[in-house]
Amino acid sequence: MLGVFSSSIVSPPEELVAAGSRTPSPKITAKSLLNRFVGNNPSAVSMQIGDDVQLAYTHQNESITHPRSFAVRDEIFCLFEGALDNLGSLKQQYGLSKSANEVVLVIEAYKALRDRAPYPINQVVGHLVGNFSFVVFDKSTSTLFVATDQHGKVPLYWGITADGCVAFANDADLLKGACGKSLATFPQGCFYSTAIGELRCYENPKNKITAVPATEEEIWGTKFMVEGPSSIISATQ
C-alpha cells in the first residue's frame, strides 16, 4: 500500500530531511513514485484526492494472515494491513455490524477520536490488539493519521520524495528508490497525527522519540527511538 501527501498536508519531518542532506542520493517525484507502484502491480487501485493526496493499494503478494484493505466513509479514507485480535469486541464497542472488518473499525475509531475531542489519541490506538499498520486521511479536515502495532509485525516505512512529499508504504524497496536516504522505518507502537503535529508512542505518549542517524551501510537515513525510563528503546526492531 502507498500513501503520498504534499507538504500542504504534512510538513516533511526534519529528521528525514536531515538524513537526506547528510548523504545525498537519487530521488524521484511523488507522481513518478505512484506510477512505479502501479507499474509494478498491474492489479493496483490508485486514487487522487484533491491536489495533495495520492493513495494506492494492491492485493498482489498479500499475506494470508495480514491482508490489505481499503475503505472510505464520510470523506475519511483508510488503507489498512494486518488483523485485529479483538475485532469482535471492538465492533460491539463502536456499534458496528458483524460484517464490519478492520478498515471500517479504524475509520469509526478515528471518527470517535475526532468528534469526541478531547479524547486521548493514544487510548484509541492502544485499544487495537493485533498486528497492523494503517494510514488514515480525513479530507474534511485535511488531517493525516498513521499508526503501527507495538510489535512491528506489519512494517511501515516513510520517506520524502524529490518534490518534498511525504510517502508511506509497506514496501521498503519502493521507497528506497524514491526517497534515497530520506527514509526510515515508521517506529512500532507509535502514531503520527497532523492534528498534533508530531510522532508519539501510544503506550507511553510522554516519552520522547529521538532520531538517531543510521550507519552508511544501512538503507535507512535515520532510526526513530523511543526513550524509556532508563535507556533508549529501539522502535524499529
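Look a little higher up for the structure.
Since we're looking at a predicted model, the values are computed, not measured.

Scoring rules and cut-offs
- Residues numbered from 1 in each chain as written.
- Predicted model: local features only at pLDDT ≥ 70, side-chain atom pairs only at ≥ 80, totals over all residues.
- Heavy atoms only, no water.
- Pairing = 2+ DSSP bridges.
- Helix = DSSP H or I, 4+ residues; strand = E, 2+ residues; numbered from the N terminus.
- Axes fitted to C-alpha atoms, helices over the stretch in contact; angles between N-to-C directions.
- Contact = heavy atoms within 4.5 Å.
- Buried < 20%, exposed > 50% of the residue type's maximum accessible area, 1.4 Å probe, protein only.
- Arc of directions from axis to C-beta.

## Thoughts on the sheet that holds strand β7 (residues 143-148)
- In spatial order, the strands read β4-β5-β6-β7-β11-β12; together these six strands make up an open sheet with antiparallel pairing. Only two strands of the sheet have a single partner each, and these edge strands are β4 (68-73) and β12 (198-201). Along the sheet, successive strands turn relative to each other by an average axial angle of 15 degrees, direction set aside.
- The pairing of strand β5 (residues 76-84) with strand β6 (residues 130-138) spans nine bridges and is antiparallel. Across the sheet, the residue bridging to I76 is D138, located in β6.
- The sheet contacts of helix α4 (residues 102-115) involve β4, β5, β6 and β7, and relative to β5 the element is tilted by about 125 degrees.

## A few points about the pairing of strand β2 (residues 45-49)
- Bridge count between β2 and strand β3 (residues 53-57): five bridges; the pairing is antiparallel. Bridge pairing in β3 places Q48 opposite Q54.
- Here β2 folds back onto β3, and the loop between the two strands holds three residues, one of which, G50, carries a positive phi near 65 degrees.

## Some thoughts on the pairing of strand β8 (residues 157-160)
- Alternating positions in β8 separate into two faces, Y157 and G159 on one and W158 and I160 on the other, with burial throughout.
- By the bridge criterion, four bridges tie β8 to strand β9 (residues 166-169) in an arrangement that is antiparallel. Note that in β9 the partner of W158 across the bridge is F168.
- With antiparallel pairing between neighbouring strands as the criterion, β8 and β9 make up a hairpin whose turn holds five residues, including G164 at a positive phi of roughly 80 degrees.
- In the sheet, β8 pairs with strand β10 (residues 183-185) via three bridges, with the strands oriented antiparallel.

## Re helix α2 (residues 30-40)
- Along α2, the residues classified as buried are A30, L33, L34 and F37. Across the axial projection of α2, the buried residues extend over an arc of 95 degrees, all falling on one side. The outward face of α2, more than 90 degrees from its buried face, is lined by the exposed residues K31 and G39.
- Residues of α2 that are buried in the fold lie against β1 (2-5), β2, β3, β9 and α6 (172-179).

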